[in-house]
Amino acid sequence: QVQLVESGGGLVQTGGSLRLSCVASGRTFSNYGMGWFRQAPGKEREFVAAISGNSISYADSVKGRFTISRDNAKNTVYLRMNSLKSEDTAVYYCAARFGGLTKYSYDITHWGRGTLVTVSS
């Protein structure tokens, strides 16, 4: 069983940066595809980024601004967010899927509780 705990959310001005972290429990972290999803008020949860081995995928809306990375020795996945926009405001969820990455929330097997990112102008 994998438990995920996010941190790093907060309030930031438009154009600013934040780095989210997600620490996973368990001893088989490297076997999981890891990702980030987000959910804005009144909207469905959407894919942001995912990483598994050497494979990385981003949503079009964040390409060139966000960077996902992982440190298997620390059981941690990161999301570096630059050039933040008001439309990036959402609760960001860390996600894990055994065996590889996915863009689809229905494929996710483990979720964190989320961390709120608010981008203000």
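Residues numbered from 1 in each chain as written. Predicted model: local features only at pLDDT ≥ 70, side-chain atom pairs only at ≥ 80, totals over all residues. Heavy atoms only, no water.

Visitor: Please explain the side chain of Asn75 as it appears in this structure.
Guide: Looking at where Asn75 falls in the secondary structure, it is placed in the loop between strand 7 (66-71) and strand 8 (76-81). Note on Asn75: relative accessible area 17%, which makes it buried. Those residues in contact with Asn75 that sit more than four places away from it in its chain are Cys22, Val23, Ala24, Ser25, Gly26 and Phe29. (Helix = DSSP H or I, 4+ residues; strand = E, 2+ residues; numbered from the N terminus. Buried < 20%, exposed > 50% of the residue type's maximum accessible area, 1.4 Å probe, protein only. Contact = heavy atoms within 4.5 Å.)

Visitor: Please explain the sheet that holds strand 7 as it appears in this structure.
Guide: The strands making up a sheet are joined through hydrogen bonds of the backbone, oriented either antiparallel or parallel. Here we have 4 strands laid out as an open sheet, ordered 1-3-8-7, and antiparallel in their pairing. The open sheet has two edge strands with one neighbour each: strand 1 (4-7) and strand 7. Each strand of the sheet is rotated relative to its neighbour by a mean of 15 degrees, with strand direction disregarded. As judged from the 6 bridges shared by strand 7 and strand 8, these two strands associate in the antiparallel manner. (Pairing = 2+ DSSP bridges. Axes fitted to C-alpha atoms, helices over the stretch in contact; angles between N-to-C directions.)

Visitor: Looking at this structure, I do not really get the environment of Ser105. What am I missing?
Guide: Inspection of the secondary structure puts Ser105 in the loop between strand 9 (90-98) and strand 10 (110-111). In this structure the C-alpha to C-alpha distance between Ser105 and Val2, which are 103 residues apart in sequence, comes to 16 Å. Contacts of Ser105, omitting those with residues within four sequence positions, involve Phe37 and Trp111.

Visitor: Just checking my understanding: could you explain the packing of aromatic side chains for this structure?
Guide: Geometrically, a pair of aromatic rings is defined through the distance of the ring centres and the angle of the planes. Inspection of every chain in the model, using the stated rule, returns 5 aromatic pairs. Ring geometry for Phe37 against Phe47: centres 5.7 Å apart, planes inclined by 75 degrees, an arrangement best described as edge-to-face. On the criterion of sequence distance, the pair formed by Phe37 in strand 4 (residues 32-39) and Phe47 in strand 5 (residues 46-52) is long-range, its members being 10 residues apart. Taken individually, Phe37 and Phe47 each receive the classification buried, so the pair is uniform in this respect. Residues Tyr104 and Tyr106 carry aromatic rings whose centres are separated by 5.4 Å and whose planes lie at 15 degrees to one another, so their mutual orientation is stacked. A residue is classified by how much of its surface remains accessible, and Tyr106, at 65% relative accessible area, is exposed. Counting every residue linked through ring pairs, the aromatic cluster contains Phe37, Phe47, Tyr93 and Trp111. Sitting over the ring of Trp111, Arg45 keeps its end group 4.5 Å from the ring centre. (Phe/Tyr/Trp six-rings, centres within 6.5 Å; stacked < 30°, edge-to-face > 60°. Lys NZ or Arg CZ within 6 Å of the ring centre and 35° of its normal.)

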